[in-house]
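Observations on the model geometry
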Amino acid sequence: IESSKEEDSAFDTAATFHKARDSDGSSVPEGKRLANQKLTSGPFCKTSASNKEEDGLDKSFYTNYQKNVLSTRRPFALDKGFFNPAVELHKDKKLWLDAGAGTCGTMRAMMEKGIDVKGVELSDVCKTACSDLAHKGLVFSTGLNNIPFPSRHFDLIWSSEVFEHVPTNLINQSVAEVVRVAKKDLFMTIAMKRSGFDPDPPAKPKIHLSVMPRTWWDAIFAVYGCRVNLAVRSSFVAQKYSKSTFFPYICHEGAEVVSPECDPLVAAYAVCYARHFGDAS
């Protein structure tokens, strides 16, 4: 697949998936990382140095989306019924990260169960239902491509209906970051179709910016050293939770999960998708 120089740069195409990684497994430039900041007191409403012009992330759009749309809905995991089984499955995990905390309803449900959880959320968490947790220093306003925590910090990364919102040109960095801060386990759901608020193709989406097939998500997480937790996926798929597609991964096992020869193909798919359907920003 041919691509422009701008697309090549945006998606870290060809062999640069592996070359972009530092010793922590992240592709985020050292100058942007916030992991060394002190996270002992709040508020952290504007922790990230990222902005729309720099990253293609529209914080104000998602702040309004959280306040005007999602604030009227139950959190996805609670609404679809898989929250309690997922919590029970991971009850041995002490410290959790809610990667894409939304209105913080899921974080509150976790806290009610005694889970020690932090959150990151693109919207301005001091202007949404997350405000009280933000002022306590429990949830931070930043994109998944720039997570302000040290490497191998969390026992479980939880992310529900988030990655489909990530601009396609930031998926590489965002996957790298959630893997970087995980000790081992990730439990995610990712939407597999456009939002009801999105226009029909061929118009580009506004809400679900990156609607990829399951095999592509599995491939890009494999690029960063994660394998599918088949036992967990099979268990949750068998329950037939409505509109829920599960992506549980085990990372940092030390063995290469996918050959570097696959990197150009994984990257090329993202370039092609963004050119025709997604958001190349």
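Presented here is a report on the structure given in the accompanying data block.

The rules behind each value
- Residues numbered from 1 in each chain as written.
- Predicted model: local features only at pLDDT ≥ 70, side-chain atom pairs only at ≥ 80, totals over all residues.
- Heavy atoms only, no water.
- Phe/Tyr/Trp six-rings, centres within 6.5 Å; stacked < 30°, edge-to-face > 60°.
- Buried < 20%, exposed > 50% of the residue type's maximum accessible area, 1.4 Å probe, protein only.
- Lys NZ or Arg CZ within 6 Å of the ring centre and 35° of its normal.
- Helix = DSSP H or I, 4+ residues; strand = E, 2+ residues; numbered from the N terminus.

Looking at the packing of aromatic side chains
Under the defined criterion, the tally for this structure stands at 21 aromatic pairs. Ring centres 5.1 Å apart and planes at 85 degrees place the aromatic pair phenylalanine 61 and tyrosine 62 in the edge-to-face group. Given a relative accessible area of 29%, phenylalanine 61 falls into the partly exposed group. Residue class for tyrosine 62 comes out buried when judged on its relative accessible area of 10%. Among the aromatic residues, those joined into a ring-pair cluster are Phe76, Phe82, Phe83, Trp96, Trp158, Phe187, Phe236, Tyr241 and Phe246. The ring of phenylalanine 247 has arginine 214 lying over it, and the distance from NZ or CZ to the ring centre is 5.6 Å.

Details of unusual backbone geometry
Between proline 201 and the following residue, proline 202, the backbone shows a cis peptide bond with an omega angle of 10 degrees. With respect to the element layout, proline 202 can be found in the loop between strand 5 (182-189) and helix 10 (214-223). We note that glutamate 161 has phi near 60 degrees; this positive angle belongs to a residue other than glycine. Of note, glutamate 161 is situated in the loop between strand 4 (154-160) and helix 9 (171-181). Overall, glutamate 161 belongs to the buried group, its relative accessible area being 15%.

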